[in-house]
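Chain by chain, the residues run as shown.
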Amino acid sequence: MIGRLNHVAIAVTDLESAIALYRDTLGATVGAPQDEPDHGVTVVFITLPNTKIELLHPLGGNSPISGFLEKNPSGGIHHICYEVDDIIAARDHLVASGARVLGGGEPKIGAHKKPVLFLHPKDFNGTLIELEQV
Ligand code: CO
């Protein structure tokens, strides 16, 4: 059901220094910051030959990543995103298998303007999983 690894998301407290780290120290291709008010984050995509890295920084007062950064003040891996062909079919299969889909189970439009869902980390080895329909 799942396809390619679309991205690994890393939550950061200092977006400018994280951009500089990936651009200058690691020599990667770093995109422009995009504000995603519906998701409470500013995102920066870093394009690698085989996948992407998504830097996440809190946007607004009650960002969903604020609690994560309080627990992980130096930042950390926040989620991984797998591609699926049909997000509704994937959701129905997962729910039937007993997995919990966050946020009521309806896909939202993600940072790539495509439908996304998040799966409960306790059902997936402690890893928050994003599914993106491609
Ligand atoms: Co993501």
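It should be emphasised that the depicted structure is a prediction, and the values quoted were computed from it without experimental measurement.

Engineer: Hey, could you run me through the pairing of strand 9 (residues 129-133) in this one?
Structural biologist: It is a general feature of regular strands that their side chains alternate between the two faces of the sheet. Counting buried positions along strand 9 gives four out of five residues, so the element sits mostly inside the fold. Of the strand pairs in this sheet, strand 6 (residues 76-84) and strand 9 are connected by five bridges, and their pairing is parallel. Bridging from a neighbouring strand, Val 84 pairs with Gln 133 of strand 9. Here strand 8 (residues 115-119) pairs with strand 9 via four bridges, running antiparallel.

Engineer: Mind showing me how you'd approach the coordination of the cobalt ion here?
Structural biologist: Four donors placed tetrahedrally about a metal ideally form angles of 109.5 degrees, and six donors placed octahedrally ideally form angles of 90 or 180 degrees. The coordination sphere of the cobalt ion contains the protein donors His 7 (NE2), Glu 54 (OE), His 79 (NE2) and Glu 130 (OE), at a distance range of 2.0 to 2.5 Å. Around the cobalt ion, the four donor atoms sit at angles spanning 83 to 171 degrees, and that spread fits a shape best called irregular. Along the chain, the residues donating to the cobalt ion fall in the pattern H-x46-E-x24-H-x50-E. With Glu 54 in strand 5 (residues 52-58) and Glu 130 in strand 9, the pair connects residues that are 76 residues apart, well separated along the chain. Residues Glu 54 and Glu 130 agree in their burial class; the two are buried.

Rules used in this analysis
- Counting restarts for each chain, with residues numbered from 1 along the sequence as it is written.
- Reporting in this predicted model follows two pLDDT cut-offs: at least 70 for local features of residues, and 80 or more for side-chain atom pairs to be given and counted; totals over whole chains, interfaces and linings ignore these cut-offs and use all residues.
- With hydrogens and water stripped out, all remaining heavy atoms of the structure feed into the side-chain values.
- Each residue is assigned to one of three classes by its accessible area relative to the maximum for its type, calculated with a 1.4 Å probe on protein chains only: buried under 20%, partly exposed between the two thresholds, exposed over 50%.
- Strands are runs of DSSP state E lasting at least 2 residues, helices are runs of H or I lasting at least 4, and numbering of each runs from the N terminus.
- For two strands to be treated as a pair, DSSP must find no fewer than two bridges joining them.
- Metal coordination here is assigned from N, O and S atoms located within 2.8 Å of the ion, or within 3.2 Å for Na, K and Ca; omission of water means that sites may look incomplete.
- The rule is simple: four donors are tetrahedral if all their angles sit between 85 and 135 degrees, four are square planar and six octahedral if opposite donors span more than 155 degrees and the others lie between 65 and 115, and anything that fits none of that is irregular.

By themselves, these observations are geometric and do not establish any function.
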